[in-house]
Amino acid sequence: MINITLPDNSVRQYHEGITGIDIAKSISEGLARNVLSVMVDGDVWDATRPIIKDASVKLLTWNDTEGKATMWHSSAHLMAEAIELLYPGVKFGIGPDIENGFYYDIDFGEQPISSDDFPKIEKKIQELAREKQQFIRKAKSKREALDYFTKKGDEYKIELINDLEDGEITFYESGHFTDLCRGPHLPDTSVIKAVKLIATAGAYWRGDETRKQLTRIYGITFPKQKELDDYLVMLEEAKKRDHRKLGKELELFTFSQRVGQGLPLWLPRGAQLREKLEAFLKRTQKRMGYEQVICPHIGNVELYKTSGHYQKYGESSFRPITTPIPGEEFFLKPMNCPHHCEIYSHKPRSYKDLPIRMAEFGTVYRYEQSGELHGLTRVRGFTQDDAHIFCTPDQVKDEFKGVMEIVMLIFKALSFNDFIVQISLRDKNNKEKYIGSDENWEKAEQAIMEVAAESGLDTVVVPGEAAFYGPKMDFMVKDAIGRKWQLGTIQVDYNLPERFELEYIGADNLKHRPVMIHRAPFGSMERFVAVLLEHTGGNFPLWLTPDQAIVLPISEKYHDYAKKVLNLLNNSEIRALVDERNEKAGKKIRDAELKKIPYMLVVGEREATEGNVSVRKHGHGDLGPEKVEDFIKRVNKEMEEELGGI
């Protein structure tokens with residue numbers, strides 16, 4: 001008999017070889033019908049895979065992230081099977097689950113494929129799903145695996161197999177399809193009730209621009225048609241809120257092929273938006289004892305070898321910059337933290353100096369593959385609202401709480417009200433991914449777990465997602481249409497201080513290592529603005545929006561009065577402009593609505609005579625006449641309410 005520990009810490013005894021499905025059946029038949037896979041000691045398995053020793057087990061359903069991932073991974077296989085039946089001779093690359101659905105990279109050869117083919121592929125997928133196909137896991141030797149795909153003529157799978165060790169290769173068979181795969185998969189395909197193929201895209205094999213471009217087909221499946229219908233409604237809303245579309249319409253940012261892919265150019269209104277966000281955070285940081293620093297955009301390669309970033313990020317960095325001195329190389333900086341370590345070490349430190357909180361809006365550079373670039377969310381040059389706190393071990397928890405307070409202030413000011421806290425820990429079964437001693441990792445993880453427990457926030461723990469130098473806390477925000485984004489991160493690091501030999505003199509007059517806390521409440525300014533655009537649909541909070549009001553004279557006769565109103569607004573630090581175009585008032589109002597300017601102030605003969613403005617609010621219509629002074633009070637009151645006294 002073996003002992004199975006369930007999530008409620010209850011322990012049940014079963015015969016060796018019990019499966020997740022059988023465990024579910026022992027609890028209830030209803031649960032068994034909903035189990036998609038099973039987590040065994042932290043790893044996700046097929047629900048039909050035998051468990052042969054004592055283990056902690058969690059039964060995964062559609063309500064679990066890992067359950068959805070299992071269904072979507074299985075759906076990728078099902079789509080591949082359908083495509084192989086419809087397009088004989090196609091060759092397959094990789095087909096993983098992703099955050100929302102799945103994709104498969106496919107070489108169609110000379111056969112044309114487009115979104116026009118989606119309906120017949122979807123129909124075939126649904127036919128296969130109704131066959132209740134089982135997913136059968138089979139271990140294969142490397143020779144057996146190579147023989148199978150050599151006979152099939154699939155060079156992409158052969159290349160993948162050649163990178164694997166003998167003894168760790170598994171196939172999955174379902175229906176007419178066999179694939180190289182680690183799994184896990186569904187017990188059978190009957191749970192897949194609704195299918196939608198979303199898009200096609202080009203994808204270079206293994207992300208290498210020198211290799212062949214395959215066709216990537218994206219899809220998603222659901223256990224109920226209504227869930228798919230709801231998802232498609234959300235997708236339509238997401239298209240309207242696409243930050244690339246809104247960024248162009250609102251004239252916030254642009255890109256230029258001459259400048260280079262993934263390098264955004266901020267237009268005046270976008271720059272103003274960024275400056276307001278930066279000013280908000282700088283004020284908050286100053287109040288909480290941070291000091292601003294500025295570092296260069298490049299650093300000697302040796303700096304990043306010391307920090308470990310060269311070893312970890314060398315492949316995704318721009319190529320080194322050489323100088324006339326033989327052997328001298330510089331990097332466009334991929335991270336700010338090594339520079340901040342050098343600032344810390346420029347003079348001796350005492351425990352009385354700590355904590356030291358240094359902040360920088362520092363621009364960093366990563367060479368993302370061109371196929372991965374996406375608007376502002378995935379770029380090659382981005383600015384982090386970076387800060388690093390150097391403190392004593394007994395100050396870690398209080399400093400961590402201080403950073404959490406900043407994140408909460410930002411979320412309040414921008415109406416990010418729906419979020420959870422994700423704690424990312426080290427994968428204890430794969431320690432070679434990380435730097436530093438077990439002792440340092442245990443201390444860092446314990447500090448984060450204690451702070452999370454004391455915060456009372458909704459928290460989820462995810463093993464294996466830590467940064468290479470330390471555990472972290474990420475804030476996962478749900479936006480206005482239900483999508484999840486990672487915004488804000490805090491990381492505890494005992495390792496970089498050791499690599500840079502950072503020290504302070506303690507009260508015992510001996511040398512000690514400081515602890516380093518990395519934090520970026522916005523994350524990157526580019527990605528944060530993109531998320532904010534899509535969350536608000538471009539309707540920014542009044543305190544943040546680049547143009548808070550626009551004065552609309554109904555004819556040229558009232559331009560002078562419009563400028564007088566503008567001066568009064570600007571003198572009261574209300575960001576405003578005048579539309580002096582020779583257009584009718586209705587046209588000016590429509591254009592201002594499209595630009596999502598919060599307030600439109602129409603002025604004509606009556607307003608000029610009475611010293612008023614006729615106020616219209618974006619999305620609300622006419623609010624009637626007001627004295628300019630009263631309008632200024634209205635704006636200030638609204639901003640105070642948005643910021644809640646922050």
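Since the model is a prediction, treat every value here as computed from it, not as a measurement.

**Quick look at the overall build of the chain**
So, step 1. Within the chain one finds 20 helices and 33 strands.
So, step 2. A globule of 646 residues ought to have a C-alpha radius of gyration of about 26 Å, and the chain, at 29 Å, matches this closely.
So, step 3. Along the three orthogonal principal directions, the C-alpha set of the chain runs to about 90 × 75 × 60 Å.
So, step 4. The buried share among the 646 residues of the chain stands at 51%.
So, step 5. Across the chain, every contact between residues at least 6 apart in sequence was considered, and the portion connecting residues at least 24 apart equals 69%.
So, step 6. In the form shown here, the chain has an accessible surface area of approximately 31100 Å², with 48% of it arising from carbon and sulfur atoms.
So, step 7. In the chain, 90 positive and 102 negative side-chain charges are present, and the distance between their average locations comes to 3 Å.

**Some thoughts on the sheet that holds strand E9 (residues 136-140)**
Within a sheet, neighbouring strands are paired by backbone hydrogen bonds and run either parallel or antiparallel to one another.
So, step 1. Taken in spatial order, the three strands of this open sheet run E9-E10-E11, and their pairing is antiparallel. Since the sheet does not close on itself, it has two edges, and those belong to E9 and strand E11 (177-180), each with one partner. Across the sheet, the mean angle from the axis of one strand to that of its neighbour is 25°, orientation sign disregarded.
So, step 2. Examined bridge by bridge, E9 and strand E10 (residues 169-174) share five bridges and lie antiparallel to one another. Bridging across to E10, Lys-140 finds its partner in Ile-169.
So, step 3. Along the sheet face, helix H3 (residues 65-86) touches E10 and E11 and points at about 125° away from the line of E11.

**Observations regarding the sheet that holds strand E3 (residues 37-40)**
So, step 1. Pairing in this open sheet of five strands is mixed, and the strands run E2-E1-E5-E3-E4 from one edge to the other. One side of each edge strand has no neighbouring strand; the edge strands of this open sheet are strand E2 (11-14) and strand E4 (43-45). With strand direction ignored, the average angle separating the axes of adjacent strands in the sheet is 35°.
So, step 2. Across the sheet, H3 touches E3, E4 and strand E5 (55-60), and the angle it forms with E3 is around 130°.

**A few points about helix H16 (residues 525-536)**
So, step 1. In a regular helix each residue adds 1.5 Å, so 12 residues correspond to 16 Å; H16 covers 16 Å between its end C-alpha atoms and thus fits that length.
So, step 2. When you tally the buried positions in H16, you get 11 out of 12 residues, the bulk of the element.

**With respect to the pattern of salt bridges**
Think of it this way: side chains of opposite charge can pair up when their charged atoms draw near.
So, step 1. Summed over all chains, the structure comprises 42 salt bridges.
So, step 2. A salt bridge links Glu-127 to Lys-124; the nearest nitrogen and oxygen atoms lie 3.3 Å apart. A residue pair is termed a helical-turn pair when its members lie 3 or 4 positions apart in one helix, as Glu-127 and Lys-124 do in helix H4 (residues 118-130) at three residues.

**Observations concerning the confidence of the model for the chain**
So, step 1. On average, the chain scores 92 in pLDDT, and the residues at 70 or more come to 100%.
So, step 2. No element of the chain has a lower mean pLDDT than helix H11 (residues 309-313), at 76, and none a higher one than strand E15 (residues 265-266), at 97.

**Quick notes on the packing of helix H13 (residues 396-413) against helix H14 (residues 438-455)**
So, step 1. At their nearest, the axes of H13 and H14 sit 10 Å apart, and the two run at 55° to each other. Judged by the angle between their axes, H13 and H14 are oblique. For the crossing formed where H13 meets H14, the hand is right-handed. In this structure, H13 uses Val-396, Lys-397, Phe-400, Lys-401 and Met-404 to contact H14, whose residues at the interface are Ala-447, Ile-448, Glu-450, Val-451, Glu-454 and Ser-455.
So, step 2. Each residue belonging to the contact of H13 with H14 can be placed in one class, and the counts come to six nonpolar, one polar and four charged.

**Quick word on the pairing of strand E25 (residues 484-493)**
So, step 1. With eight of 10 residues buried, E25 is to be regarded as a mostly interior element.
So, step 2. Pairing geometry for strand E24 (residues 472-478) and E25, over six bridges, is antiparallel. Residue pairing across strands places Met-473 opposite Ile-490, the latter belonging to E25.
So, step 3. Here E25 pairs with strand E28 (residues 515-520) via five bridges, running antiparallel. Residue pairing across strands places Asp-493 opposite Met-516, the latter belonging to E28.

**Some thoughts on the state of the cysteines**
So, step 1. If you walk through the whole model with that rule in mind, you get zero disulfides.
So, step 2. No disulfide involves Cys-337; its sulfur sits 6.6 Å from that of Cys-341, the nearest cysteine.
So, step 3. According to the relative accessible area criterion, Cys-337 is buried, its value standing at 1%.
So, step 4. Of all cysteine sulfurs, the one in Cys-341 lies closest to Cys-391, which takes part in no disulfide; the gap is 13 Å.
So, step 5. Take Cys-391: its relative accessible area is 0%, and that puts it in the buried class.

**Some details on the packing of H3 against H4**
Each pair of packed helices can be described by the angle between their axes along with the distance between the axes.
So, step 1. One can describe the packing of H3 onto H4 by two numbers: an axis separation of 9 Å at closest approach and a directional angle of 115°. Like other packed secondary-structure pairs, H3 and H4 cross with a definite hand, here right-handed. Judged by residue contacts, Leu-78, Met-79, Glu-81, Ala-82, Ile-83, Leu-85 and Leu-86 of H3 engage Lys-120, Ile-121, Lys-124, Ile-125, Leu-128 and Ala-129 from H4.
So, step 2. Of the residues belonging to the contact of H3 with H4, the class tally is 10 nonpolar, no polar and three charged.

**Comments concerning a negative patch on the surface**
So, step 1. Negative charge collects at one region of the surface, where Glu-144, Glu-165, Asp-166 and Glu-168 lie side by side.
So, step 2. When you line up the elements, Asp-166 lands in the loop between helix H6 (155-162) and E10.
So, step 3. When its relative accessible area of 52% is taken as the criterion, Asp-166 is described as exposed.

Conventions used here
- Residues numbered from 1 in each chain as written.
- Predicted model: local features only at pLDDT ≥ 70, side-chain atom pairs only at ≥ 80, totals over all residues.
- Heavy atoms only, no water.
- Helix = DSSP H or I, 4+ residues; strand = E, 2+ residues; numbered from the N terminus.
- Rg over C-alpha atoms; globule rule 2.2 N^0.38 Å.
- Buried < 20%, exposed > 50% of the residue type's maximum accessible area, 1.4 Å probe, protein only.
- Contact = heavy atoms within 4.5 Å.
- Areas by Shrake-Rupley, 256 points an atom, 1.4 Å probe, with all protein chains shown as cover.
- Lys, Arg positive; Asp, Glu negative; His and termini not counted.
- Charge placed at Lys NZ, Arg CZ, Asp CG, Glu CD.
- Pairing = 2+ DSSP bridges.
- Axes fitted to C-alpha atoms, helices over the stretch in contact; angles between N-to-C directions.
- Expected span 1.5 Å × (residues − 1).
- Salt bridge = Lys/Arg side-chain N within 4 Å of Asp/Glu carboxyl O.
- pLDDT = per-residue confidence, 0-100.
- Parallel < 35°, antiparallel > 145°, perpendicular 65-115°, else oblique.
- Left-handed = near helix turned anticlockwise from the far one by under 90°.
- Nonpolar A, V, L, I, M, F, W, Y, C, P; charged D, E, K, R; others polar.
- Disulfide = S-S within 2.5 Å.
- Patch = residues over 30% accessible without salt bridge, like charges linked within 9 Å, V, L, I, M, F, W, Y side chains within 5 Å.

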